[in-house]
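Spelled out from the first residue to the last, the chains are:
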Amino acid sequence: MIAPRAMAGAAMGALLVLSRAGAAGAADVGTSTSGANMAVAETRAAQLAAAGVRGIRPIEVVPFGPGTAERWRLDNGLHAIVAADGAAGVAAVHVWVKVGSADETAGKTGLAHLLEHLMFKGTRSRPAGVYDRELEAHGASTNAATWVDWTMYHQVVPPEVVPLVVQMEADRFVHLNLTAAGVRSELAVVQNERRETVDSDPDGLVAEHLGRLVHGGGPYGHPVIGWAADLAALKRDDVMAFYRQRYVPGNAAVVVAGTFDPTAVLAEIVHSFGGIAALPPPDRPQCAHGGARLTAEVRQAVAIDARAARLAVAWPTVPRDHADAPALELLAEALCGAASARLDRLLIDDKRLASDVNCHQDDTRLPGAFDVWVTLRPGRTASEALTALDAAVAALVGPSPLTAEELDLARVRATTGLYRQLASADGRADVLGQTWAVAGSLAAHGQWWQRMAQVSPAEVAAAARRWIGAPGRAVVLADPAPPVISQRPAGRSGLRVAARMP
Ligand SMILES: [Zn+2]
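Everything numeric in this text was worked out from a predicted model, so none of it was measured.

### Regarding the packing of helix H3 (residues 35–50) against helix H11 (residues 262–273)
For the pair H3 and H11, the least separation of the axes is 10 Å and the interaxial angle reads 55°. Here H3 lies oblique to H11, going by the angle between them. Like other packed secondary-structure pairs, H3 and H11 cross with a definite hand, here right-handed. From H3, Arg44, Gln47 and Leu48 reach across to H11, where they touch Pro262, Thr263, Leu266 and Ala267.

### A word on the sheet that holds strand S6 (residues 151–157)
The strands that make up a sheet pair up through hydrogen bonds in the backbone, lying either parallel or antiparallel. Reading across the sheet, the 7 strands line up as S1-S2-S3-S7-S4-S6-S5 and stay open at both edges, with mixed pairing between neighbours. Only two strands of the sheet have a single neighbouring strand rather than two, namely strand S1 (56–64) and strand S5 (141–146). Mean inter-strand twist for the sheet, computed between neighbouring axes without regard to direction, equals 15°. Where helix H16 (residues 425–439) meets the sheet, its contacts fall on strand S2 (67–74), strand S3 (79–84), strand S4 (91–97), S6 and strand S7 (252–258), and the angle it forms with S7 comes to roughly 155°.

### Structural notes on unusual backbone geometry
The phi angle at Arg352 is positive, at roughly 50°, despite the residue not being glycine. Checked against the element boundaries, Arg352 lands in the loop between helix H13 (342–350) and strand S10 (354–361). Look at Arg352 and you get exposed, because 10 C-beta atoms sit within 10 Å.

### Section: the packing of helix H12 (residues 325–335) against helix H18 (residues 457–468)
At a minimum axis distance of 9 Å, the contact between H12 and H18 shows a crossing angle of 90°. By the angle between their directions, the pair H12 and H18 is classed as roughly perpendicular. Together, Ala327, Leu328, Leu330 and Leu331 of H12 and Glu459, Val460, Ala463, Ala464 and Trp467 of H18 make up the contact between the two elements. Looking at the contact of H12 with H18 residue by residue, the class counts come to 8 nonpolar, no polar and 1 charged.

### Re the pairing of strand S11 (residues 369–376)
With 8 of its 8 residues buried, S11 lies for the most part within the structure. Side chains Ala369, Asp371, Trp373 and Thr375 of S11 all project onto a buried face; the interleaved residues Phe370, Val372, Val374 and Leu376 project onto the opposite face, where all are buried too. Where S10 lies against S11, 7 bridges are found, and the strand directions are antiparallel. Paired with Ala354 across the strands is Leu376, a residue of S11.

### A closer look at the sheet that holds S10
With mixed pairing, 5 strands are arranged side by side in an open sheet as S8-S12-S9-S11-S10. Edge positions in the sheet fall to strand S8 (297–304) and S10, since each of these pairs with one other strand and no more. Here the strands of the sheet are splayed against their neighbours by 10° on average, with no regard to which way each runs. With 7 bridges connecting them, strand S9 (residues 310–316) and S11 associate as antiparallel partners. By the bridge assignment for S11, Pro316 is matched with Ala369. Strands S10 and S11 of the sheet are contacted by H13, whose axis makes an angle of about 155° with S10.

### Digging into the pairing of S7
Burial analysis of S7 places 7 of its 7 residues in the buried class, which makes it a mostly covered element. Across 6 bridges, the pairing between S3 and S7 is parallel. Its bridge partner being in S7, Ile81 is matched across the sheet by Val255. Sheet topology note: the S4/S7 ladder contains 7 bridges and is antiparallel. The residue of S7 that forms the bridge with Ala91 is Gly258.

### Looking at the environment of Ile56
Assignment of secondary structure puts Ile56 in strand S1. C-alpha of Ile56 to C-alpha of Leu266: the two residues are 210 residues apart in sequence and 8.6 Å apart in space. Those residues in contact with Ile56 that sit more than four places away from it in its chain are Leu48, Trp72, Leu74, Leu266 and Val270.

### Describing helix H14 (residues 382–396)
If you check H14, its first and last C-alpha atoms are 21 Å apart, about what 15 residues at 1.5 Å a residue would give, namely 21 Å. Listed as buried for H14 are Ala382, Ala385, Ala388, Leu389 and Leu396. Axial view of H14: buried residues confined to an arc of 125°, hence all on one face. Counted as exposed and oriented over 90 degrees from the buried face of H14: Thr387, Asp390, Ala391 and Ala394.

Reading the values: the criteria
- Residues numbered from 1 in each chain as written.
- Predicted model: local features only at pLDDT ≥ 70, side-chain atom pairs only at ≥ 80, totals over all residues.
- Axes fitted to C-alpha atoms, helices over the stretch in contact; angles between N-to-C directions.
- Helix = DSSP H or I, 4+ residues; strand = E, 2+ residues; numbered from the N terminus.
- Parallel < 35°, antiparallel > 145°, perpendicular 65-115°, else oblique.
- Left-handed = near helix turned anticlockwise from the far one by under 90°.
- Contact = placed C-beta atoms within 7 Å.
- Pairing = 2+ DSSP bridges.
- Buried ≥ 20, exposed ≤ 12 C-beta atoms within 10 Å, placed from the backbone.
- Nonpolar A, V, L, I, M, F, W, Y, C, P; charged D, E, K, R; others polar.
- Expected span 1.5 Å × (residues − 1).
- Arc of directions from axis to C-beta.

Rendered as structure tokens:
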């Protein structure tokens with residue numbers, strides 16, 4: 001599946017720390033590897049060595065959720081991330097791979113997501129269907145997702161099943177068995193997914209136009225699911241080349257969170273994955289900060305098959321590791337998504353233009369975007385919403401910046417979102433895997449939340465002026481297609497009305 005926007009936003013961006021909780025909140029998520037924490041890993045390393053397990057060493061240990069999270073690296077480059085706690089009752093086993101749609105080349109879009117589907121097609125020792133049935137027999141819930149920067153596979157299982165899942169993940173990581181017919185049939189599934197989520201879905205269609213306009217020919221400019229013409233041309237050889245190049249140990253992390261024995265599970269990871277050849281991780285696209293970006297507005301009108309119009313506006317902004325990223329994340333949280341949020345009050349309550357408003361700052365490895373999405377009430381137009389939004393933005397970057405109260409409320413909402421996510425083993429594995437895939441270390445998680453706790457109203461105002469006040473932006477005005485009225489030949493009765501599809 002394509003990672004839903006909410007997940008991509010929540011898992012990437014919604015990792016916030018309480019300012020109200022102050023030091024306690026920051027301590028919960030942790031910022032660095034302390035000597036005491038590292039000593040735990042060194043003791044574990046000694047136990048592993050005593051048990052004859054070779055080829056793995058600890059890299060970092062950080063306070064995380066109810067305990068700590070440890071990152072280890074195997075000699076072949078694979079990362080193993082474990083965060084154990086006795087209370088979860090289940091364990092989440094994830095595999096995160098540093099490959100997403102941004103790693104695709106022109107003409108071959110959609111490969112990362114198609115490969116995610118095909119990873120369930122079986123290996124020689126576990127043919128198609130056996131993988132799922134074996135996991136189901138153990139009560140596992142299993143799924144996968146692809147986004148611009150990453151692909152992930154996850155299972156939630158009883159603790160005693162963790163070693164089996166690790167073995168099965170290692171098996172399909174190197175021994176995927178694909179036939180040309182199997183690829184063709186799964187391609188049909190993906191093409192149908194595209195029809196349902198883009199061609200027949202007004203929001204999907206608007207998202208595709210917005211992404212193309214704001215990111216142009218850059219790595220984030222094409223849809224994760226791929227362009228229809230590219231999908232139609234993909235072959236088994238394309239998939240296998242992509243799989244062999246990208247699914248190498250140095251490009252992947254096995255993440256286990258919840259209730260399990262970390263020493264035993266690390267030993268199983270070494271046993272199952274340690275023999276895989278250490279091929280170099282492939283280069284990923286680079287995109288310099290402040291590089292080519294929109295300097296003027298680009299605008300597109302789209303006719304949609306819907307009762308309500310949509311407006312979507314995106315400003316090019318920053319990657320996750322930019323100093324302004326936490327301020328923009330808090331700005332998005334403050335402007336939309338709660339009854340008291342500024343744009344909700346203006347567009348939904350005061351002007352009665354919209355039924356829904358969403359704001360979002362990307363949490364991405366390369367420079368992303370800040371988006372505002374408005375779903376209009378039936379009968380209202382996208383350009384009416386743009387006029388009202390422009391006035392609100394002019395006030396925000398001018399005389400009425402975000403107040404301290406608005407910022408505090410945004411911080412509380414963001415922090416609540418984080419703790420909701422950290423409440424489950426699967427949510428904790430999501431946070432760890434995504435932080436590793438996008439930021440490269442676990443310490444980045446605590447550092448991000450510490451910044452979120454410290455961002456001042458002046459910093460948010462400066463970031464808003466710098467990015468949302470800039471002239472370069474993408475605008476998609478999507479209004480319901482008008483009925484097509486055609487005159488019947490004279491003598492026949494009246495007018496004929498038919499819906500026109502976009
Ligand atoms: Zn899918």
